[in-house]
Amino acid sequence: MSGLPILSLMLAIPMVAAILCLFLEARPARQVALAATLLDFALAVLMWTQFDIGGAQWQFVERADLFGRFQWALGVDGVAMMLVVLSAFLMPLCILASWESVKERVGLYMAMFLIMEVIMIGVFVAQDLLLFYIFFEGVLIPMYLIIGIWGGANRRYAAYKFFLYTLLGSVLMLLAMIAMIREAGTTEIPVLLNYDFPPEMQTWLWLAFFASMAVKMPMWPVHTWLPDAHVQAPTAGSMILAGVLLKMGSYGFLRFMMPMFPDASAQFMWLIFGLSMVAVIYTSLVALVQSDMKKLIAYSSVAHMAIVTAGLYAFNQQGIEGALIVMLSHGVVSAALFFCVGVIYDRLHTREIDRYGGLAVNMPAYALFFLLFTMASIGLPGTSGFVGEFLSLAGLYEASSWAALACTTGIILGAAYMLYLYRRVVFGELTKDDVKAMPDLNPREWAIFVPLAAVTLWMGVYPESFLAPMRGDVTTVVARLAPTKPAGDAQLAAARPKAAATGDAHHAGGVQ
Amino acid sequence: MIQAIVFLPLLAALVAGLGQRVIGNVPSKIITTGALFASCALSWPIFLSFVAGTGEASVTPVLHWVQSGALQFNWELRVDTLTAVMLVVVTTVSALVHLYSWGYMAEDPDQPRFFAYLSLFTFAMLMLVTANNLVQMFFGWEGVGLASYLLIGFWYKKPSANAAAIKAFVVNRVGDLGFMLGIFGTFLVFGTVSIPAILDAAPGMAGTTIGFLGMRLDTMTVLCLLLFIGAMGKSAQLGLHTWLPDAMEGPTPVSALIHAATMVTAGVFMVCRLSPMFEAAPVALGVVTFVGAATCLFAATVGTTQWDIKRVIAYSTCSQLGYMFFAAGVGAYGAAMFHLFTHAFFKALLFLGAGSVIHAMHHEQDMRYYGALRKHIPLTYWAMMAGTLAITGVGIAGVAGFAGFYSKDGILEAAFASGGGGVIAFWVGIFAALLTSFYSWRLVFLTFHGKPRWEQSEHIQHAVHDDHGHGHDDHAHHHQAHGDGTAGYHPHESPLSMLIPLVVLSLGAVFAGILFHHQFIYPEEGAAFWKGSLFFDEHLMHAAHEVPLWVKWMPFTVMAIGLFLAWNSYIRDTSLPAKFVAQFKLLHRFLYNKWYFDELYDILFVKPAFAIGRFFWKRGDEGTIDRFGPDGAAALVEGGTRLAVRLQSGYVYGYAFVMLLGLVGLASWAMVNFL
């Protein structure tokens, strides 16, 4: 990977474009933003094809000393790379999604999105703890402004809530990071990954990180900022919030908490499982009674993210790989679902579910895409949602049959709330005059839906393209966790001496 | 070849579904129907090669799917005897249903979508029956669920159709929860989800235990019961059956294909496919027997009281599936599959026949408004007659009989021969056979015999008005003038596209039993036919053939009693049913309301789910978390009233932003200086 500093370039292009957008009129600003994000996506695809599966853990590494202990240290492993690809993939779609609906201060808006792209990619490629922290917390600023300036009627309350929650965690994490750096004497993430912190220290480091990551995830009960933020955010803001920002929490779990604090992670497994179980059931039931489309999908996101945390803390290959696929899948599908809301919101300017109905009559193409993403959201096999859910729950079952049972009820409740939503919006008699007047998808909307749909099916039918680059990283984490991993409750035991030999042989085969 | 069988329907579905506006109505129908007939034509040679004993089991790889540690599964197409049986059932009924829909759906504006869904369903079903691993089976399982959801809700403007579609999907998902946990457990125990590998290792697992929800239980019992919960959902067994009668909201060809012949038998197929696993779990088999017998009885009792022609057949399906399950439960998997095979033909025939009646009667489905249709739609009458003779199992032991005679008697004899719980299942099955005969003949007599009772039907009244171009003012005079109960309406026989499938399926209903019963259930020939694709117990099948003569004659006897009772109440003295109802009011109400399952579930699950959801939302999120969380924090800092003002003025928003910038600055400063 010599020569082209691809990661720096991916950060630089949107940054330059962002500055440019600040000084441009609406039309050229849109075009510049689209061109920059498309270019970044092209680079991301290039990186994906150039990634050497089975090669070095960290690739595309760049390093330059800055002032003090700051380092410009970039690099990706498979997991980070896939998340960068996801961010770069969603970005041009977000720009397109705001093409017509955003009319005020377009230049600033585009600049904010481009800065957001810089920061998101930065979070995933940073190899220096301090650099990571800056990006990780910095993402608040553009998101905060997007909600605060271009949001709905109650945007200030939502922005305030978003800010307050994330602030709480970040202070604690900063303290923990300082302690880590003093203990280990380095800010380099690859080194820290193999550093053995004393177990007592791990406990409180884990808790401090947890405070930050749990909010970002978001996990129950610190999830209540998410529905408000989504409801108030403009369509593209919701797409990127659900699509990428929610993945930062789980990335934090996988990158920092699990490999750096393995003892504490094992110790707090019950906490993660408990909160995840509650979240799946609780937020699914809440989603069932929502009358606001965006709130419903926001609550469903919390339920899906709970599957991610549960899968990660299964501590085995299936659980973690499944969680990663859920992250990627949810990134695509929830962005698509929020865009589904955006499409009809642009036409009728309401998110009230009951205001719609019968869209299958006048918007058949829309109905088809919405159906696909609904099915992906409820994990229908053949879509990306299934692969992720299935693997993470299969891994979870090995760790705890209770947690697996509780989290698998999500497939029932998820079907209930999503199909109930779909029925109220798309099916039924087309009676209301203003709904009748809604035209079907325009070419721009087609251009957004088609790639999202293609990726959803691709990941469902042939997920190997996505799993292969991440496999080695997951194996590394699993190996790191193996010494502290508690035995699951579902283990096989031979009852009769006669069957013991066979039983153990198969047992060994079934466990990582 | 197998690739063509499986993927032609998918291709056709995509072309017809996505390209309907480009290629138009008729080409969409030609493509889908053509693809299905091609699949069907390719499937029969495979099946016949297995019948002839020359067929070889094979697995055709298609595409890599998932590899995660030891958990690996690929897209593969498995063909063995069991698959071959399902292939012909699925493709034959599907092809005929496609053809039938040309006539039945002729006036629908949305035909390409309908045909695309039908083909999509067929693809998913074929993926299910060709699965070589549990996950691909689950793919097909959910795929048919999706198609079923779409087709039940095909007339999406009808609220009842939408409700039925969601109910079908969600109730099935309850079963899928079991199926999924079963797959997880199987993977944990066996280290693989490949079906042949699991079946090889299953006997060795007998006697081991596994932890499950804090308990330590027999491994195979837990796994089989979890998987069986999935089968119960898909095959509408007692407890998870509530979606099937409601699924009749879908167009009738759908009921014939999905909710009678193919999809609902997937559970039976699954148990047979995994029969070596179930053989290692006697307790689970006992549960399968019990659930099957209970469903068989329950659905038959309800079927005797319903008025909607499709609902009668739906409960009949549910009941016949119960037979298949208790056959599997007593270890007679060959008999279960045989009944699945014959049932596919005669039940699809009954549904399509009912569709033809409904078509002739202008969408009236209530049998109270039928009567005397024999002369008006004779071909439909004879087709329904063939179906009824098949389902009631008419035949002479040792001589010949209709399809159901061989398969149902095979099940009952095997149940009797297996002893123990099987004998109880036998008696339950005998009683259900009596009820089957009664409700089936009741349907025929109410529909085709007696006097016309059409004039009370709103559908017929509408039809008459439309035909005669009368306004609403004089409709009262109009049908009173006739006085013969016909309201002046003339039912017409269905078009050829609908009659051909009826004729073909009638042939199946008549001959499917006599032609193939040797292969399916005879001890030696059965073993040679199945070739280990399911667990075939030769001893049991021997014993089944040597049951006492009274056992062999029992089904025929109760069939005759049922026929007599139906004739007595619906032809000889038509006032009898009303008298009976008056006599046994409570019993009738209990049966007519389907044992009150829907009401019970509504109280137990549906209403609480919404109530709890609302509680969590209002009292949990808003009343507790927000109140003591962000709102409380704000109040603490600012004081309640001032906060509201500031939120309104946008002050806090700017303030918070400055804080954020400060935070990042502070962080940088702290790091630079302290480290």
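Here's a quick rundown of the structure. The numbers attached to residues start from 1 for each chain and follow its sequence in the written order. Each chain gets a letter, beginning with A, and each ligand a number, beginning with 1, in the order they are written. The predicted nature of this model means local features are confined to residues of pLDDT at least 70 and side-chain atom pairs, given and counted, to a pLDDT of 80 or more, with totals for whole chains, interfaces and linings taken over all residues. Hydrogens and waters are ignored; side-chain quantities use all the structure's heavy atoms.

**Looking at the pattern of salt bridges**
Here, a salt bridge means any Lys or Arg side-chain nitrogen found within 4 Å of an Asp or Glu carboxyl oxygen. Enumeration according to the criterion identifies 22 salt bridges over all chains in this entry. Between E464 of chain A and R471 of chain A there is a salt bridge whose closest N-O contact spans 2.9 Å. An identical accessibility class is assigned to E464 of chain A and R471 of chain A; each is buried. Shared partners join several salt bridges into a network, and the residues in it are K167, D246, R311 and D598 of chain B. Exposure is judged per residue with a 1.4 Å probe applied to protein chains only, and the accessible area is read against the type maximum: over 50% gives exposed, under 20% gives buried, and values in between give partly exposed.

**Details of helix α15 (residues 309-329) of chain B**
All names here are of chain B. In DSSP terms, a helix is any run of H or I states spanning at least four residues, a strand is any run of E spanning at least two, and both are numbered starting from the N terminus. One less than the number of residues in a helix, times 1.5 Å, gives the span that helix is expected to have. The end-to-end C-alpha separation of α15 is 30 Å, in line with the 30 Å expected for 21 residues at 1.5 Å each. For α15, the tally of buried residues reaches 21 of 21 residues, placing the bulk of the element in the interior. Here a polar contact is recorded for every N or O atom pair within 3.5 Å, except that within protein the pair must consist of a potential hydrogen donor and a potential acceptor, and residues adjacent in sequence are included only if both atoms are side-chain atoms. The N-cap of α15, judged by a side-chain oxygen 2.8 Å from the amide nitrogen of K310 a few residues on, is D308. Just downstream of α15 lies G331, where phi reads positive at about 95 degrees.

**Let's talk about unusual backbone geometry**
For the bond running from M217 of chain A to P218 of chain A, omega is -5 degrees, close enough to zero to count as cis. Checked against the element boundaries, P218 of chain A lands in the loop between α9 (199-216) and α10 (225-232). Positive phi values are uncommon outside glycine, yet Y596 of chain B reaches one of about 60 degrees. With respect to the secondary-structure elements, Y596 of chain B resides in the loop between α27 (585-592) and α28 (597-628). A residue is classified by how much of its surface remains accessible, and Y596 of chain B, at 32% relative accessible area, is partly exposed.

**Let's talk about the interface of chain A and chain B**
Residue contacts follow a heavy-atom distance rule, with two residues in contact if any of their heavy atoms lie within 4.5 Å. On the side of chain B, 93 residues touch chain A, which itself brings 100 residues to the contact. Summing both partners gives a buried area of about 8,700 Å² for chain A against chain B, and 73% of it is carried by carbon and sulfur. Where chain A meets chain B, there are 0 salt bridges. At the junction of chain A with chain B, the criterion picks out 14 residue pairs in polar contact (both at pLDDT 80 or more). All amino acids are sorted into three groups, where Ala, Val, Leu, Ile, Met, Phe, Trp, Tyr, Cys and Pro are nonpolar, Asp, Glu, Lys and Arg are charged, and the leftover types, Gly among them, are polar. Looking at side-chain class alone, the side of chain A that touches chain B contains 65 nonpolar, 21 polar and 14 charged residues. Sheet topology note: the strand β3 (residues 492-493) of chain A/strand β3 (residues 209-212) of chain B ladder contains 2 bridges and is antiparallel. Of the residues in β3 of chain B, the one forming a bridge with L492 of chain A is I210 of chain B. Buried area is calculated as the accessible area (1.4 Å probe) missing from two parts once they are joined, with the contributions of both summed. The pairing criterion for strands is at least two bridges between them, as found by DSSP.

**Here we look at the sheet that holds strand β4 (residues 215-218) of chain B**
Spatial ordering of the open sheet is given by β3(A)-β3(B)-β4(B), a layout of 3 strands whose pairing is antiparallel. Among the strands making up the open sheet, the edge pair consists of β3 of chain A together with β4 of chain B. Two elements, β3 of chain B and β4 of chain B, share 4 bridges in a ladder whose sense is antiparallel. Residue T209 of chain B lies in a different strand from β4 of chain B, and its bridge partner there is D218 of chain B.

**Some thoughts on the nonpolar core**
For this analysis, a nonpolar core means a set of buried residues of the types Ala, Val, Leu, Ile, Met, Phe, Trp, Tyr and Cys, connected via side-chain atoms within 4.5 Å. Residues Y313 of chain A together with Y149, M277 and F341 of chain B are the most contacted members of the largest nonpolar core, which totals 464 residues. Not counting residues within four places of it along the chain, the set of residues in contact with F341 of chain B comprises F47, V85, V88, V89, A512, F516 and F520 of chain B.

**Some remarks on the environment of L452 of chain A**
All names here are of chain A. Note on placement: L452 falls in helix α21 (residues 443-461). L452 sits in the buried class, given a relative accessible area of 0%. Residues L452 and V332, spaced 120 residues apart in sequence, show a C-alpha to C-alpha distance of 6.3 Å.

**Considering the packing of aromatic side chains**
The rule is short: rings of Phe, Tyr and Trp, with Trp giving its six-membered ring, pair when the centres are within 6.5 Å, and they are stacked under 30 degrees, edge-to-face over 60, tilted in between. Counted according to the given criterion, the structure contains 87 aromatic pairs over all chains. Measuring from centroid to centroid gives 6.3 Å for F210 of chain A and F253 of chain A, while their planes differ by 75 degrees, and the two rings are edge-to-face. With F210 of chain A in helix α9 and F253 of chain A in helix α11 (residues 235-260), the pair connects residues that are 43 residues apart, well separated along the chain. Comparing F210 of chain A with F253 of chain A, the two get one shared label, buried. With a centroid separation of 5.6 Å and 90 degrees between ring planes, the pair formed by F341 of chain B and F516 of chain B is classed as edge-to-face. With F341 of chain B in helix α16 (residues 333-360) and F516 of chain B in helix α22 (residues 496-521), this residue pair connects regions lying 175 residues apart in the sequence. Take F516 of chain B: its relative accessible area is 11%, and that puts it in the buried class. Counting as a charge over the ring demands two things of the Lys NZ or Arg CZ atom: a distance within 6 Å of the ring centre and an angle within 35 degrees of the ring normal. One Lys or Arg, R424 of chain A, reaches over the ring of Y420 of chain A and ends 3.8 Å from the middle of that ring.

In short, the description is geometric, and any link to function would need to be established separately.
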